[in-house]
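Structural characterization, general
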Amino acid sequence: MNEKSEKRQKILRQVRYWAVLNLGTVLTALGVVLFKAPNNFATGGVSGLSIVLSKFITPINGFTEKFLTQTVIMWIINVILLIFGFIFLGKGCSFKTAYCTLAYTLESIALEAVLKAVNVKLPMTQHVFLEFVFAMLLTGAGAAILFNCKASSGGTDIIALIIKKYTSIKNIGIALFITDIVIAASAFFIFGVQTGLYSILGLFAKSFIVDGVIENIGKNKYITIITAKPELISPFILDTMHRGYTSYKATGGFTGEEKTVMLCILKRGEALKLKYRVQQADPEAFVIVTDTNEILGKGFQSAD
């Protein structure tokens, strides 16, 4: 791959990265504004905390209802937490976390304004469980995408990092669970038993959704090609797909013929293209496709 082509590929990777990152914030905002907040699902996080706090703020001549909405409260809390993050964590509070936090809250405010402008009433349905499912799917998928991009929407993640740094609790998962369970449990006393149960259930359901989405996002294909015509396959991998491969010579146990074994790691869409190319180049080749959940290395994930 020449320098110009490599530079273009690097730019495309960056564009895809930021596009996916913003998709994560948009999905999270949609889940919170459309389904989570209208039903008072306080499943932890800053969104849950803002839902709880919004019920304690007394309307003042319509000011609170018009300007100090749940999403504005969420924005205020996130900004405060970001400031604390930079003070107490320094580099531990990264630019990506700050960007995602601000993007997510601003998108929530914008979405809320659009809904008011077109006079959309929330919640959209009277089916609480249906609303709960969509709230968890959207926020869980959004969080998983951000985590896969090595970012987060900030909020209680920052609190958890501060707890980890300044207390004896060193497991960030436990620290995050402590902050979120307190918020979720408060829904019992503020919104009633049904909403409280949904909030606790949502706290646990989200973790399973996040794990499942991350696992599927990270899936790649490990391709093993056994062929007598590697010279017809190699250019397609190197020049067309801009991927590398490892090869070695092997001998067939039954035929005694010398073959070349080619090993290659590809994205799922790339694997499909390669399979078709191998079939065209060498119909007698063996192609073994294996799912992989995590690949560390150039062109995939970094180890940090």
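For the structure itself, look to the data block above.
Criteria and cut-off values
- Residues numbered from 1 in each chain as written.
- Predicted model: local features only at pLDDT ≥ 70, side-chain atom pairs only at ≥ 80, totals over all residues.
- Heavy atoms only, no water.
- Phe/Tyr/Trp six-rings, centres within 6.5 Å; stacked < 30°, edge-to-face > 60°.
- Helix = DSSP H or I, 4+ residues; strand = E, 2+ residues; numbered from the N terminus.
- Buried < 20%, exposed > 50% of the residue type's maximum accessible area, 1.4 Å probe, protein only.
- Patch = residues over 30% accessible without salt bridge, like charges linked within 9 Å, V, L, I, M, F, W, Y side chains within 5 Å.
- Areas by Shrake-Rupley, 256 points an atom, 1.4 Å probe, with all protein chains shown as cover.
- Salt bridge = Lys/Arg side-chain N within 4 Å of Asp/Glu carboxyl O.

1. Some details on the packing of aromatic side chains
Using the criterion set out here, one finds 7 aromatic pairs in the structure. Ring centres 5.0 Å apart and planes at 45° place the aromatic pair Phe132 and Tyr198 in the tilted group. Remark: Tyr198 occurs in helix H9 (residues 193-217) and Phe132 occurs in helix H6 (residues 128-148); sequence separation between them is 66 residues. Judged by relative accessible area, which is 16%, Tyr198 ranks as buried. An aromatic cluster is defined as three or more aromatic residues linked by ring pairs; in this entry it consists of Phe41, Phe129, Phe132 and Tyr198.

2. With respect to the environment of Leu263
Along the chain, the position of Leu263 falls in strand E3 (residues 258-266). The sequence separation of Leu263 and Ile226 amounts to 37 residues, and the corresponding C-alpha distance is 9.0 Å.

3. Notes on a nonpolar patch on the surface
Taken together, Trp75, Ile76, Ile80, Ile83, Phe84, Ile87, Phe88, Leu102, Leu106 and Tyr166 make up a surface patch of nonpolar side chains, about 920 Å² in accessible area. Within the residue set of the nonpolar patch, elements represented by two or more residues are helix H4 (70-88) and helix H5 (95-117). When residues in the nonpolar patch are grouped by element, the largest group, 7 residues, is from H4. For Phe84, a relative accessible area of 39% puts it in the partly exposed group.

4. A word on the pattern of salt bridges
Enumeration according to the criterion identifies 3 salt bridges in this entry. Here Asp291 makes a salt bridge to Lys221, at a shortest N to O gap of 2.4 Å. Of the two residues, Asp291 is situated in strand E4 (residues 286-292) and Lys221 in strand E1 (residues 220-227); the sequence distance between them amounts to 70 residues. With a relative accessible area of 45%, Asp291 lands in the partly exposed category. In this structure, Glu257 and Lys259 form a salt bridge, with 3.7 Å as the shortest nitrogen-oxygen distance.

So yeah, pure geometry; function would need other evidence.
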